[in-house]
Amino acid sequence: PAALGSQSPRPRARLEAWIEDLSQNGTFINGLLLGKGRKCRLRDRDRIELVFPQMPAQPQLFTFPSFTFLAPGPPVREEATQTPPT
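So, how was this worked out
Residues numbered from 1 in each chain as written. Predicted model: local features only at pLDDT ≥ 70, side-chain atom pairs only at ≥ 80, totals over all residues. Heavy atoms only, no water. Pairing = 2+ DSSP bridges. Helix = DSSP H or I, 4+ residues; strand = E, 2+ residues; numbered from the N terminus. Polar contact = N/O pair within 3.5 Å; in protein donor to acceptor, adjacent residues only side chain to side chain. Contact = heavy atoms within 4.5 Å. Salt bridge = Lys/Arg side-chain N within 4 Å of Asp/Glu carboxyl O. Buried < 20%, exposed > 50% of the residue type's maximum accessible area, 1.4 Å probe, protein only.

### Comments concerning the sheet that holds strand β6 (residues 66–68)
Moving on, step 1. Taking strand neighbours across the sheet as the criterion, the four strands line up as β3-β2-β5-β6 in an open arrangement whose pairing is antiparallel. Two strands in the sheet have a free side with no partner beyond their single neighbour: β3 (32–33) and β6.
Moving on, step 2. Where strand β2 (residues 27–29) lies against β3, two bridges are found, and the strand directions are antiparallel. Its bridge partner being in β3, I29 is matched across the sheet by L32.

Here it is in structure tokens:
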């Protein structure tokens, strides 16, 4: 038993992003067909493509929407790019 006042820290809530293919033409995650009615947990930098996966070696006759999932993280601190006047 823990002593009064010494509680272990509570676990942080963990959010997850999921995608479900409800399309008629296909949803691709990182070039792989997800499959109608199937769900997949998204990971940082997963590429989501609708209709057809985009193959870099093939000429692009038609383009379809594609997205990149970016997982939330701590804010990025931007460094100063200008030098102060002397």
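### Structural notes on the side chain of T27
Moving on, step 1. By secondary structure assignment, the location of T27 is in strand β2.
Moving on, step 2. At 3.1 Å, the side chain of T27 forms a polar contact with the side chain of D21.
Moving on, step 3. Ignoring sequence-local partners within four residues, the contact set of T27 consists of I19, D21, L32, L33, L34, G35, I48, E49 and L50.

### Topic: the pairing of strand β5 (residues 47–50)
Across a regular strand the side chains alternate sides, sitting on one face of the sheet and then on the other.
Moving on, step 1. Direction of pairing for β2 relative to β5: antiparallel, over a ladder of three bridges. Counted as the bridge partner of I29 is I48 from β5.
Moving on, step 2. Sheet topology note: the β5/β6 ladder contains three bridges and is antiparallel. Looking at the pairing, R47 lines up with T68 of β6.

### A look at the side chain of E49
Moving on, step 1. You can see E49 is positioned in strand β5.
Moving on, step 2. Within the local environment of E49, its side chain forms a polar contact with the side chain of R47, the two groups lying 3.3 Å apart.

### Focus on the pattern of salt bridges
Pairing between side chains of opposite charge can happen when the charged atoms of each approach one another.
Moving on, step 1. Following the criterion strictly, the structure yields one salt bridge and no others.
Moving on, step 2. With its nearest N and O atoms 3.3 Å apart, the salt bridge here joins E49 to R47.
Moving on, step 3. A relative accessible area of 3% places E49 in the buried class.
Moving on, step 4. R47 gets classed as partly exposed once you look at its relative accessible area, which sits at 32%.

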